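Coordinate analysis (summary)
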Amino acid sequence: MYQHLVWERLNTGHWAEVWKGWRDLYGLITVARVLAVAKLCEEEEGVVAENRLVGDVIRLCDLGIMLGGPVMGGVLEEIAEYLTEMVNSVSGDIKKDVKRSDGLEHGNETGDAFPLKRLKLSNNSPLFTCPDISTISLKLPLPLLPIPVISSPSLPTFLTQCKLPLTTTLLRDCMTDWPCMTGSTRWSCDRLVQLAGPRTVPVELGSKYTDNSWTQQLLTVERFVAKYMMEKTSEVGYLAQHQLLEQVPALGRDIMTPDYCYTGEEEDEPDINVWIGPGGTVSPAHTDKKHNLLCQVVGTKYVALFYPEEGDKLYPHPSPMLANTSMVDLDNPDMIKYPKLGKLQGYHTLLREGEMLYIPPLVWHYVRSLEQSFSVSFWWE
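Residues numbered from 1 in each chain as written. Predicted model: local features only at pLDDT ≥ 70, side-chain atom pairs only at ≥ 80, totals over all residues. Heavy atoms only, no water.

Taken together, the side chains of Glu265, Glu266, Glu267, Asp268, Glu269 and Glu381 present a region of like negative charge at the surface. Considering the arrangement of structural elements, one finds Glu381 in the segment after strand E14 (373–380). (Patch = residues over 30% accessible without salt bridge, like charges linked within 9 Å, V, L, I, M, F, W, Y side chains within 5 Å. Areas by Shrake-Rupley, 256 points an atom, 1.4 Å probe, with all protein chains shown as cover. Salt bridge = Lys/Arg side-chain N within 4 Å of Asp/Glu carboxyl O. Lys, Arg positive; Asp, Glu negative; His and termini not counted. Charge placed at Lys NZ, Arg CZ, Asp CG, Glu CD. Helix = DSSP H or I, 4+ residues; strand = E, 2+ residues; numbered from the N terminus.)

This is the structure:
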């Protein structure tokens, strides 16, 4: 009864307005459910039944983390991380046991819930060649201008040239010490599945969130990677604006929070989100209320930016839910329907691996991935 009551409260009204107490209570209820399923694991006989229950526990933990937030010192995160490591270990051991002399790998006859054949994650497509920005630029009446570039700015330089004047700036050579940029911890589909394969995440389906056909679906990371990152499909799947590094701390240890994020008036930690998807994902022109560092780990993105004074020329959506989003399809601008576009002045850049883009509050930004892409954003006030 209590679970249904809390679930109803979580799904009533706008998510940002949900009372924190309801989220905490949902997290505690999830802990209790995890304990109940764990007891079932002790009572069930057979590897198959146990494996399926382990998968259920991981999913329960993920729902508790996403909807309930951290409770009891992050116990759900710890349980899910431990079980993920166990799943990977069991899958690897069974894989060795069933490997035949012919060199092929075969599943067992018990219908094991953990796949014995690992995903083929290598991408045999040709290496991506970054095009000239003029060939992929938005087709607007006024040509878009380049933005300033600074290499590894000190904190005083960042403050005086970027943050205080609210100037959009491309920052280079600021991610060289991030573990996700090199070696065995280099981010890739393989690394993602290794650390988070059985974890459940919300995946956006559709090329952009303003489309009528856009929706969301809960998928495991392994399923998301297999279907939307490694296969060519007409449907776009995007793991967008999700706090995956909080959900999966092992991935969080692969990145480092830039010191620039601690130049705000608040002492809180920045909001950290990941943006992972194939080439072709689009975030329509929109604004955010916080300072933003968009950090490119894998792949290349095209970004167009427009300062707040240009906002009326982008025709903000009248709906309160989308008031920070432009109604204009910048990929196919309708000059008759939106005549102010004729005077719209903006800037653009290519955001490449190892680069950060500082986006001040309320600056409109349009983002398009040109290839398979892993990005991390930091928001702070």
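There's more to say after this.
Now for the sheet that holds E14. As summarised here, the arrangement of the nine strands in space is E2-E3-E12-E9-E14-E7-E6-E4-E5, forming an open sheet in which the pairing is mixed. Only two strands of the sheet have a single neighbouring strand rather than two, namely strand E2 (149–151) and strand E5 (215–220). Neighbour-to-neighbour, the strand axes of this sheet turn through a mean angle of 25°, independent of strand direction. Both strand E7 (residues 271–277) and E14 contribute to a ladder of seven bridges, which runs antiparallel. In the strand pairing of E14, Asp271 is matched with Trp379. Most of the contacts of helix H8 (residues 221–229) go to E5, to which it runs at about 120°, and overall it touches strand E4 (200–205), E5, strand E6 (237–242), E7 and E14. (Pairing = 2+ DSSP bridges. Axes fitted to C-alpha atoms, helices over the stretch in contact; angles between N-to-C directions. Contact = heavy atoms within 4.5 Å.)

In terms of nonpolar packing, the biggest core is built from 45 residues, with Trp178, Trp187, Leu293 and Val297 touching the most fellow members. Judged by nonpolar contacts, the second largest core, of 20 residues, contains Ile136, Tyr302, Phe306 and Leu330. (Core = buried A, V, L, I, M, F, W, Y, C linked by side-chain atoms within 4.5 Å. Buried < 20%, exposed > 50% of the residue type's maximum accessible area, 1.4 Å probe, protein only.)

Our next topic: the pattern of salt bridges. If you walk through the whole model with that rule in mind, you get twelve salt bridges. Across the pair Glu355 and Arg172 runs a salt bridge whose closest N-O atoms are separated by 2.9 Å. Linking Glu355 in the loop between strand E11 (347–351) and strand E12 (356–359) with Arg172 in strand E3 (residues 169–172), this pair joins segments that are 183 residues apart in sequence. For Glu355, a relative accessible area of 8% corresponds to the buried category. The exposure class of Arg172 is partly exposed, given its relative accessible area of 33%. The partner of Lys313 in a salt bridge is Glu310, with the nearest N and O atoms 3.1 Å apart. Assigned by exposure class, Lys313 and Glu310 land together as buried.

In this section: the environment of Ala250. Its location among the elements puts Ala250 in helix H10 (residues 249–252). Here the alpha-carbon distance between Ala250 and Glu81, two residues 169 residues apart in the chain, equals 7.7 Å. The contact partners of Ala250, leaving out residues within four places of it in the chain, are Glu81 and Leu195.

Let us look at the side chain of Arg191. By the element assignment, Arg191 lies in helix H7 (residues 189–196). By relative accessible area, which is 12% here, Arg191 ends up buried. Side chain to side chain, Arg191 and Asp254 meet in a polar contact 3.1 Å long. Setting aside residues no more than four positions away along its own chain, Arg191 makes contact with Ser184, Thr185, Arg186 and Asp254. (Polar contact = N/O pair within 3.5 Å; in protein donor to acceptor, adjacent residues only side chain to side chain.)

When helix H6 (residues 155–163) is considered as a whole, its buried residues turn out to be Phe158, Cys162 and Lys163. When H6 is viewed along its axis, its buried side chains cluster within an angular range of 65° and face the same direction. Exposed and oriented more than 90 degrees from the buried face of H6 are Pro156 and Thr160. Those residues of H6 that are buried lie in contact with E2, E3, strand E9 (291–298), E12 and E14. (Arc of directions from axis to C-beta.)

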